[in-house]
Every structure is written in structure tokens, then in C-alpha cells.
Amino acid sequence: MTDAGGPTGPVPSDPLPKLLVAVTAVTGIVDAVAFLGLGQIFTAFMTGNLLFLGFALGGAEGLEPAGSCAAVGAFAAGAVAGSRLGAAMAAERYRRWLFTSATTAALLLAVAALCAVGLAPVTDDAPEGRHYAVIALTALAIGVRSATMWRLGAVLNTTLVTGTLVTLIRHSALGRGISDADQRYRAAALLAVPAGALLGTLLLRVSLTVALLTASAGVLVCLGAYVAHPASRRVRGA
């Protein structure tokens with residue numbers, strides 16, 4: 001097989017499923033930081049965030065709606081930006097678009113980490129001041145990253161793991177489905193969520209900044225490794 005302007009030889013296996021498993025773990029880190037350090041909200045898992053918003057509006061103790069509203073609004077803005085970036089670069093090289101998206105999300109998380117320097121995690125009090133800046137920047141970054149993952153048209157969902165769980169069961173022998181090669185990646189993605197949350201919880205004991213910098217590096221390393229992989233040069237005219 002010959003790639004236009006490229007070498008001949010067998011096409012390397014696409015590492016995209018492995019990328020998505022790793023990105024799912026990063027999502028776990030981010031939401032551990034958000035839930036445990038920014039006032040019991042989510043900045044990646046929007047379904048849970050919308051539930052918390054309803055709980056807060058209903059007067060549930062320990063929850064307040066402002067943080068959830070800020071996270072949902074920033075995530076939506078990031079998803080819009082990520083979608084427009086993908087559309088604007090549709091005629092550009094595939095790898096260049098991925099690199100731009102990864103860098104944008106990683107930089108936003110890094111700026112959030114800088115905003116969190118010296119900032120104590122929220123415990124019983126409501127978020128205030130810089131906490132909201134960290135919430136907004138983090139949710140904005142995950143919105144950009146999530147729009148990018150959706151545009152890849154992948155078999156794994158990195159933010160709606162309920163869908164991944166249902167698909168795993170549906171394709172299993174218990175679900176009387178036909179198992180496919182993606183089953184192991186679906187199972188790995190489900191394990192990646194608690195693994196990332198565990199790592200995020202441990203990093204939060206050091207500081208908000210360290211945890212967010214780890215997430216920033218995770219996004220950049222995951223997507224950077226995919227962009228550098230030979231298979232990505234052969235995907236979609238890359």
C-alpha cells in the first residue's frame with residue numbers, strides 16, 4: 001500500500017483506542033480535582049454536574065448552583081470552540097488539527113494550574129474568587145478536548161462512560177451480542193475512570209496546582225503521542 005508522498009509498507013495499527021483510554025484516565029484526574037477541590041462539582045462529567053445543579057436548586061445541603069453553572073457554561077463554550085476549530089481546519093492536515101487542539105486544552109489546564117497556586121481546596125465553604133477561575137478554565141479545556149474526541153468518531157466515549165458500559169454489555173456473551181476487537185478497550189476505559197480519579201485524589205493531597213499540571217501534561221502527552229504515531233499520518237489524508 002502506498003501513501004501519497006509517503007513510504008510503502010504495511011499500515012501500522014491505529015493507536016486511537018489506546019489514546020482514548022488514556023484520555024479517559026485524564027478525565028478522572030480532572031473530575032477528582034473538581035469534585036474534591038472546587039466545591040463538589042464536575043468540570044468534565046456534565047451529566048453529574050447537571051444533576052448537582054438540580055440538587056443545589058432544590059436546597060440540598062453542601063451544594064450551591066453557581067459553581068455548577070460556571071462549569072456547564074465554560075464546558076459549552078469550550079465545546080463550541082473545539083467544534084469550530086475542527087471545522088475551520090477541516091482542509092488542513094489531520095495531525096496539525098489534533099496538535100492544535102491538544103495544545104489548546106493543555107495550555108488552558110496549565111493556566112488553571114497557575115491560577116490555583118497557593119489556593120486551598122474548597123471543603124465546607126462555597127467556591128469563591130480564584131476557585132471560579134479554575135473551574136471555568138478547567139471546564140473550558142475539557143470542552144475543547146471533548147469536541148475533538150467526538151470529531152474523531154471514535155468507538156469509545158471519553159465523557160459518557162455509561163454508553164461505553166452499555167456497549168460493552170451489549171456486545172458481550174451475557175448481552176447475546178457479538179464480541180469485537182474493541183471490547184478490551186471498552187473494559188479498559190471503564191477501569192481508567194476510577195484509576196484516574198484515584199490518581200487525582202492522591203495528587204490533590206499535594207496541591208491543586210500539581211494535580212492540574214499532571215492533567216495538562218496528560219492531555220499533551222496522550223494526543224502528542226498519537227500525532228507522532230506513524231498510523232496517524234495515514235488517517236484521513238493526514
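Remember, it's a predicted structure, so these values are computed and weren't measured experimentally.

Some thoughts on the overall build of the protein chain
Step number 1: Per the secondary structure count, the protein chain includes eight helices and zero strands.
Step number 2: Start at the N end of the protein chain and walk to the C end: the helices and strands fall as α-α-α-α-α-α-α-α.
Step number 3: Put simply, the protein chain has 238 residues, and 45% of those count as buried.
Step number 4: Total accessible area on the protein chain is roughly 11500 Å²; 67% of this is exposed by carbon and sulfur atoms.

Digging into the nonpolar core
Step number 1: Membership of the largest hydrophobic core comes to 47 residues, with the highest contact counts inside it found for Leu-19, Leu-98, Val-134, Leu-152, Leu-212 and Leu-223.
Step number 2: Secondary structure elements with two or more residues in this core: α1 (16–37), α3 (65–88), α4 (94–115), α5 (130–151), α7 (183–204) and α8 (208–228).
Step number 3: When sequence neighbours within four positions are dropped, the list of residues in contact with Leu-98 reads Thr-148, Leu-152, Leu-223, Tyr-226 and Val-227.

Describing unusual backbone geometry
Step number 1: The backbone phi angle of Gln-40 is positive, close to 55 degrees, even though this residue is not glycine.
Step number 2: One can find Gln-40 in the loop between α1 and α2 (46–57).

Section: the environment of Gly-200
Step number 1: Here Gly-200 lies in helix α7.
Step number 2: A relative accessible area of 0% means that Gly-200 is categorised as buried.
Step number 3: Remark: the alpha-carbon pair of Gly-200 and Gly-28, spanning 172 residues in sequence, is separated by 7.0 Å.
Step number 4: Setting aside residues no more than four positions away along its own chain, Gly-200 makes contact with Ile-29 and Ala-32.

Thoughts on the confidence of the model for the protein chain
Step number 1: With 77% of its residues at a pLDDT of at least 70, the protein chain reaches an overall mean of 81.
Step number 2: Mean pLDDT values for the elements of the protein chain range from 69 in helix α6 (residues 161–170) up to 92 in α3.
Step number 3: In the model, residues 1–11 has pLDDT below 50 throughout and makes ten contacts with residues more than four positions away in sequence or in other chains.

Remarks on α7
Step number 1: Given a rise of 1.5 Å per residue, 22 residues ought to cover 32 Å, and the 32 Å separating the end C-alpha atoms of α7 matches this to within 8%.
Step number 2: At Ala-192, α7 shows its largest kink, close to 25 degrees, and the proline Pro-194 lies no more than four residues downstream.
Step number 3: Those residues of α7 that sit buried are Gln-183, Tyr-185, Arg-186, Ala-189, Ala-192, Gly-196, Gly-200, Leu-203 and Leu-204.

Considerations on the packing of aromatic side chains
Step number 1: Counted under the stated rule, the structure contains five aromatic pairs.
Step number 2: Measuring from ring centre to ring centre gives 5.6 Å for Phe-35 and Phe-42, while their planes differ by 20 degrees; the resulting arrangement is stacked.
Step number 3: Taking relative accessible area as the criterion, Phe-35 reaches 27% and is therefore assigned partly exposed.
Step number 4: On the basis of relative accessible area, Phe-42 is assigned to the buried category, the value being 16%.
Step number 5: One aromatic cluster is present, formed by Phe-35, Phe-42, Phe-45, Phe-52 and Phe-55 through successive ring pairs.

Things to note about the packing of α1 against α5
When two helices pack together, their arrangement is given by the angle between the helix axes and by the axis-to-axis distance.
Step number 1: Close contact between α1 and α5 brings their axes to 11 Å; oriented N to C, the two are set at 160 degrees. By the angle between their directions, the pair α1 and α5 is classed as roughly antiparallel. Crossing hand, α1 versus α5: left-handed. Contact residues: α1 offers Leu-20, Val-23, Thr-27, Val-30 and Gly-37, while α5 offers His-131, Thr-138, Ile-142, Arg-145 and Met-149.
Step number 2: Tallied by class, residues from the contact of α1 with α5 come to five nonpolar, four polar and one charged.

Remarks on α3
In an α-helix, one full turn covers 3.6 residues, which means residues spaced three or four apart are oriented alike.
Step number 1: With 24 residues, α3 extends 34 Å between its outermost C-alpha atoms, agreeing within 8% with the 34 Å of an ideal straight helix rising 1.5 Å per residue.
Step number 2: For α3, the set of buried residues is Gly-67, Ser-68, Ala-71, Ala-74, Phe-75, Gly-78, Gly-82 and Gly-86.

Quick notes on the environment of Ala-34
Step number 1: On the secondary structure map, Ala-34 appears in helix α1.
Step number 2: C-alpha separation for the pair Ala-34 and Leu-212, spaced 178 residues apart in sequence, amounts to 9.8 Å.
Step number 3: In this structure, Ala-34 is in contact with Gly-39, Gln-40, Ile-41, Phe-42 and Thr-43, ignoring residues within four places of it in sequence.

Basis of the calculations
- Per-chain numbering applies: the sequence of each chain, read as written, is numbered from 1 onward.
- Side-chain atom pairs in this predicted model are given and counted only at pLDDT of 80 or more, local residue features only at pLDDT of at least 70, and totals for whole chains, interfaces and linings cover all residues.
- As a rule here, side-chain values come from all non-hydrogen atoms in the structure, and water together with hydrogens is ignored.
- The way it works is that DSSP assigns letters per residue, a run of H or I at least four long becomes a helix, a run of E at least two long becomes a strand, and they are numbered from the N terminus.
- Note on exposure labels: buried denotes an accessible area under 20% of the residue type's maximum, exposed denotes more than 50%, and partly exposed covers the range between, all computed with a 1.4 Å probe on protein chains only.
- Per-residue accessibility takes into account occlusion by the displayed protein chains alone, with areas from the Shrake-Rupley method and a 1.4 Å probe.
- The definition of a nonpolar core used throughout is a set of buried Ala, Val, Leu, Ile, Met, Phe, Trp, Tyr and Cys residues joined through side-chain atoms within 4.5 Å.
- Two residues form a contact once any of their heavy atoms are found within 4.5 Å.
- A residue's pLDDT is simply how confident the predictor is in it, with values from 0 to 100.
- The length a helix should cover is 1.5 Å for every residue beyond the first.
- Bend, in this description, refers to the angle at a residue between axes fitted to the seven residues ending there and the seven starting there.
- Centres within 6.5 Å make a pair out of two Phe, Tyr or Trp rings, where for Trp the six-membered ring is used; the pair is then stacked when the planes are under 30 degrees apart, edge-to-face when over 60, and tilted otherwise.
- Lines are fitted to the C-alpha atoms to define the axes, a helix being fitted only along its stretch in contact, and any angle between axes, read from their N-to-C directions, falls within 0 to 180 degrees.
- In what follows, roughly perpendicular refers to angles from 65 to 115 degrees, roughly parallel to angles under 35, roughly antiparallel to angles over 145, and oblique to any angle outside these ranges.
- For any helix crossing, the convention is left-handed if the near helix is rotated counterclockwise from the far helix by under a right angle, and right-handed if that rotation is clockwise.
- Residues are grouped as follows: Ala, Val, Leu, Ile, Met, Phe, Trp, Tyr, Cys and Pro are nonpolar; Asp, Glu, Lys and Arg are charged; every other residue, Gly included, is polar.

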